[in-house]
Amino acid sequence: MANNRRSEGKAVSESPVTDLFEAGRRPAESEKQWAEKTLAPTLEKAPERPIGAPTGVNLDEHGDARFSTISNVPIRRLYTQADLPEDWSYDPYLNYPGQPPFTRGIHASGYRGKMWTMRQFSGFASPEETNQRYKYLLAHGGHGLSVAFDLPTLMGYDSDHPFSEGEVGKCGVAIDSLEDMEILFDGIDLEKTTTSMTINSPASILWAMYLVVAEKQGADWKKISGTTQNDILKEYIAQKEYIYPPPPSMRLVIDTFEFGSKFTPKFNTISISGYHIREAGSTALQELAFTIYDGVEYVEWARRRGLDVDEFGPRLSFFFNAHNDFFEEIAKYRAARKIWYRLMKDRFGAKQQRTWLMRFHTQTAGVSLTAQQPMNNIARVAIQALAAVLGGTQSLHTDSYDEALALPTEDAVRIALRTQQIIAYESGVANTVDPLGGSYFVERQTLDMENGAFEYFDKLDAMGGMVKAIEKGYPQKEIAEASYQFQRATEAREKIMVGANEFVVEEPAPNILYIGEEVAQAQTRKLKALRERRSNDEVRRCLDALKHAAAQEPKAGENGQISPVNTMPFIIDAVKAYATVGEICDALREVYGTYEETAFA
């Protein structure tokens, strides 16, 4: 709106009819009449006020109130048919649930046939203690497990390594060997329990341990289900928990694709993760675009290996963040399904519908949790979880309210799980499929997300793919800029965080979970005893065989077999010999070296 005029001493914006024609809109005559006769008098009496300080992002170029999403995308006052393309119709843009382009979901009956999997991300201290927490969660209605590993495990070091000092068991469970994995899942039937493991650079090692434990239980590998995160690209982009350079890291990921497609057909060999990209400060669109394009990069590398997209494609899964902006998040999930369908069908020529489907897990936004007034986080998590459900997630983890302070307490974990159960069984939102489908606002946001993602894809294609873009620092810089802009707006109170930068009170420190150094001491004793009783000659033989295979260039196997130098069978042999995580990672470090990120201008 421009050219403010004066009326009775107040500044009043030009007739609101003007903005009805922005961005090529073609409003109906009834909308014009509404703007002139109903809206304009209302604005004269009560001009719009921004949510947050009337400065910066909350003002447009004319000084009028500006409204935007948490990602700073402008939001119109009202959405109507005029905000959709002129050719918009039901079948091509939406279609029915379970039918392309899957805007309304991948399952025809939504949650009426099967509720989403309710997971709680859990892992702390020792395998023994975490095992008890898992049994607690399953006893209280959890459907699946989600394993959090400590930092040494994530970085491929044993608990007794000097680099592990002060970190053992602190941000997750310490896993050093098959012995620890056996303890972790003691008394838990892996053929009947789906398990997600948040592990990346050493993913093939921890997955091998999981498979061996399942085998020892007598489970059929063809029946076990779950997910290993195994998404190394997002480590270079956002989380920075990498070990090897990008090309050999990608080789290890593709090895798991090939192995999994032959031996574990119900297990997702990767969870392509936007969660950590969003936690690093990206916008919703950047999370969507970079995550899906990571998926494109994995498919490209697998096809270059000679793998068939319809063999490994159905086991590719995704992992998204659920942030505070309710409608923006719902639109993101709906757009994601449409985009993946288009890519798999048109770009990669996938023939099977299973390959076209985007299946994703969602976790509520850890970065949105405040250490101040932590009980407020219960409300945040509920809103975020509801957005994930309305967006059609297949699996959900709700953060505990005290996670901004430490690993969650048992009471906090139970409340987080109950939040999911209340949404599922009391709110009514699971009774119908995609209840927001057809909303002018949601459909416009969905289209904008889709179009914006493909604009990013064009830029990434021009750079030669995601690995090349990472080496140039492109996604890292995009996220850093978005993070800076959000932080600046928060510090200026243009974006409100209740209890943190507004509505602040003095409060006592809450009780939190404390992990002491006795965990590291216990793990060190276990490692010493393990190395004394195992066959160290067998360990050396297995590690030498792994190094030899890792140094070879793999090609797709023939006659239904995997590549003879696929690293997974060699890693499994080393795991069975009770080689440790650190020893196996060190063997691969000898072959591949380690990666250090360069500074980007």
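Here, the structure is the one placed above.
**Structural notes on the overall build of the chain**
Counting secondary structure elements, the chain contains 22 helices and eleven strands. At 26 Å, the chain has a C-alpha radius of gyration in line with the 25 Å of a compact globule built from 601 residues. Counting only C-alpha atoms and orienting by the principal axes, one finds that the chain spans roughly 90 × 60 × 50 Å. Across the chain, contacts joining residues at least 24 apart in sequence account for 77% of those joining residues at least 6 apart. Summing over all exposed atoms, the chain offers an accessible surface of approximately 25,000 Å²; the carbon and sulfur share of this is 52%.

**Side note on helix α3 (residues 127-139)**
Count 3.6 residues to each turn of an α-helix, and residues three or four apart come out pointing the same way. With 13 residues, α3 ought to run about 18 Å at 1.5 Å a step, and its terminal C-alpha atoms sit 18 Å apart, in line with that. Residues of α3 that are buried: Pro127, Thr130, Asn131, Arg133, Tyr134, Tyr136 and Leu137. Buried residues in α3 make contact with β3 (117-122), β4 (144-148), α5 (178-184), α15 (410-425) and α19 (518-533).

**Things to note about empty space enclosed by the protein**
Rolled over the atoms, a probe with the dimensions of a water molecule shows which regions are left empty. Within this structure, the stated rule accounts for three cavities of 30 Å³ or more. By volume, the largest cavity amounts to about 60 Å³. Around the largest cavity sit Asn200, Ser201, Ala203, Ser204, Asn230, Ile232, Tyr244, Ser249, Leu252, Val253 and Thr256, which together line it. For the lining of the largest cavity, the element with the most residues is helix α8 (residues 246-263), which contributes four residues. Its residues assigned to classes, the lining of the largest cavity comprises five nonpolar, six polar and no charged.

**Focus: unusual backbone geometry**
One can expect most non-glycine residues to show negative phi and most peptide bonds to be in trans. In this chain, Pro100 is followed by Pro101 through a cis amide linkage whose omega measures 5°. Checked against the element boundaries, Pro101 lands in the loop between α2 (90-93) and β3. Phi angles above zero are rare outside glycine, and Asn72 is one such case at about 70°. Its location among the elements puts Asn72 in the loop between α1 (29-45) and α2. Under the relative-accessibility criterion, Asn72 is labelled partly exposed at 32%. Not every positive phi belongs to a glycine, and Asn230 is a case in point at roughly 60°. As for its position among the elements, Asn230 is in the loop between β6 (226-228) and α7 (233-239). Its relative accessible area of 4% is what places Asn230 among the buried residues.

**Regarding the sheet that holds strand β10 (residues 360-364)**
Sheet strands associate in pairs through backbone hydrogen bonding, adopting either a parallel or an antiparallel arrangement. Taken together, nine strands build an open sheet; the order of strands is β7-β6-β5-β4-β3-β11-β10-β9-β8 and the sheet is parallel. Because the sheet does not close on itself, it has two edges, and the strands there are β7 (267-268) and β8 (270-273). Relative to strand β11 (residues 395-397), β3 is paired through three bridges, and the arrangement is parallel. Its bridge partner being in β11, Met118 is matched across the sheet by Leu396. Against the sheet, helix α14 (residues 376-390) touches β9 (316-322), β10 and β11, its axis set at about 165° to β10.

**Remarks on the environment of Val429**
Tracing the chain through its elements places Val429 in the loop between α15 and α16 (440-463). Other than its neighbours up to four places away in sequence, Val429 contacts Leu386, Val389, Leu390 and Ile423.

**A few points about the side chain of Asp83**
Tracing the backbone through its elements, the reader meets Asp83 in the loop between α1 and α2. The residues touching Asp83, leaving out its near neighbours within four places in the chain, are Arg25, Arg76, Leu78 and Arg444.

**Describing the packing of helix α10 (residues 284-305) against α16**
Viewed as axis vectors pointing N to C, α10 and α16 meet at an angle of 50°, and their least axial separation amounts to 9 Å. With respect to α16, the element α10 is oriented oblique. When the axes of α10 and α16 are compared, the crossing they make is right-handed. Where α10 approaches α16, its residues Ala284, Leu285, Gln286, Leu288, Ala289, Phe290, Ile292 and Tyr293 are matched on the opposing element by Met449, Gly452, Ala453, Tyr456, Phe457, Leu460 and Asp461. Residue classes in the contact of α10 with α16 are distributed as twelve nonpolar, two polar and one charged.

**Re the packing of α8 against helix α21 (residues 567-576)**
Between α8 and α21, the least distance of the axes is 8 Å, while the angle of their chain directions is 90°. Taken as axis vectors, α8 and α21 run roughly perpendicular relative to one another. Note on element contacts: α21 touches α8 through Thr567, Met568, Pro569 and Ile572, opposite Arg251, Leu252, Asp255, Thr256 and Phe259. Partitioning the contact of α8 with α21 into residue classes produces five nonpolar, two polar and two charged.

**Describing the environment of Asp176**
Its location among the elements puts Asp176 in the loop between α4 (151-154) and α5. According to the relative accessible area criterion, Asp176 is buried, its value standing at 1%. Linking Asp176 and Phe457, residues 281 residues apart in sequence, is a C-alpha distance of 39 Å. Once residues within four sequence positions are removed from consideration, Asp176 is found in contact with Tyr157, Asp158, Ser159, Met209, Gln523, Leu527, Thr580 and Val581.

**Re the side chain of His323**
Within the secondary structure, His323 sits in the loop between β9 and α12 (326-347). Here His323 falls in the buried class, since its relative accessible area comes to 8%. Excluding its chain neighbours within four sequence positions, the residues that come into contact with His323 are Ile70, Arg278, Glu329, Ala365, Val367, Ser368 and Gln384.

**A word on the packing of aromatic side chains**
Summed over all chains, the structure comprises 32 aromatic pairs. Both rings, one in Tyr275 and one in Phe319, keep their centres 5.0 Å apart while their planes meet at 5°; by these two values the pair is stacked. A residue pair is termed long-range when its members are at least 10 positions apart, and Tyr275 in helix α9 (residues 275-279) and Phe319 in strand β9 qualify at 44 residues. Exposure remark for Tyr275: the relative accessible area of 5% places this residue in the buried category. Here a set of aromatic residues connected by ring pairs shows up, and it is made of Tyr134, Phe185, Trp207, Tyr210, Trp221, Phe259, Phe263 and Phe267. Geometry around Tyr157 places Arg589 over its ring, the cationic atom sitting 4.5 Å from the centre.

**What to know about the nonpolar core**
In this structure, Phe257, Ile292, Tyr298, Trp340 and Met466 are the most contacted members of the largest nonpolar core, which totals 76 residues. With near-sequence residues (within four places) excluded, Trp340 lies in contact with Ile292, Gly295, Val296, Val299, Leu316, Phe318, Thr355, Trp356, Leu357 and Met358. With 55 residues, the next largest nonpolar core counts Tyr134, Ile175, Ile584 and Leu588 among its residues.

**Quick notes on the pattern of salt bridges**
Scanning the model with the defined rule gives 45 salt bridges in all. In this structure, the salt-bridge partner of Lys547 is Glu590, at a minimum N-O distance of 3.1 Å. Within this pair, whereas Lys547 is found in helix α20 (residues 536-550), its partner Glu590 is found in helix α22 (residues 581-592), the two being separated by 43 residues in sequence. Exposure remark for Lys547: the relative accessible area of 21% places this residue in the partly exposed category. On the basis of relative accessibility, which here comes to 60%, the residue Glu590 falls in the exposed class. Counted as one network, the salt bridges with shared partners bring together Glu22, Arg25, Glu31, Arg76 and Asp83.

So, how was this worked out
- Residues numbered from 1 in each chain as written.
- Predicted model: local features only at pLDDT ≥ 70, side-chain atom pairs only at ≥ 80, totals over all residues.
- Heavy atoms only, no water.
- Helix = DSSP H or I, 4+ residues; strand = E, 2+ residues; numbered from the N terminus.
- Rg over C-alpha atoms; globule rule 2.2 N^0.38 Å.
- Contact = heavy atoms within 4.5 Å.
- Areas by Shrake-Rupley, 256 points an atom, 1.4 Å probe, with all protein chains shown as cover.
- Expected span 1.5 Å × (residues − 1).
- Buried < 20%, exposed > 50% of the residue type's maximum accessible area, 1.4 Å probe, protein only.
- 1 Å grid on protein atoms, 1.4 Å probe; cavity = no way out; pocket = protein on both sides within 12 Å on 5 of 7 lines; lining within 4 Å.
- Points joined across faces, edges and corners; volume = space filled by probe spheres on them.
- Nonpolar A, V, L, I, M, F, W, Y, C, P; charged D, E, K, R; others polar.
- Pairing = 2+ DSSP bridges.
- Axes fitted to C-alpha atoms, helices over the stretch in contact; angles between N-to-C directions.
- Parallel < 35°, antiparallel > 145°, perpendicular 65-115°, else oblique.
- Left-handed = near helix turned anticlockwise from the far one by under 90°.
- Phe/Tyr/Trp six-rings, centres within 6.5 Å; stacked < 30°, edge-to-face > 60°.
- Lys NZ or Arg CZ within 6 Å of the ring centre and 35° of its normal.
- Core = buried A, V, L, I, M, F, W, Y, C linked by side-chain atoms within 4.5 Å.
- Salt bridge = Lys/Arg side-chain N within 4 Å of Asp/Glu carboxyl O.

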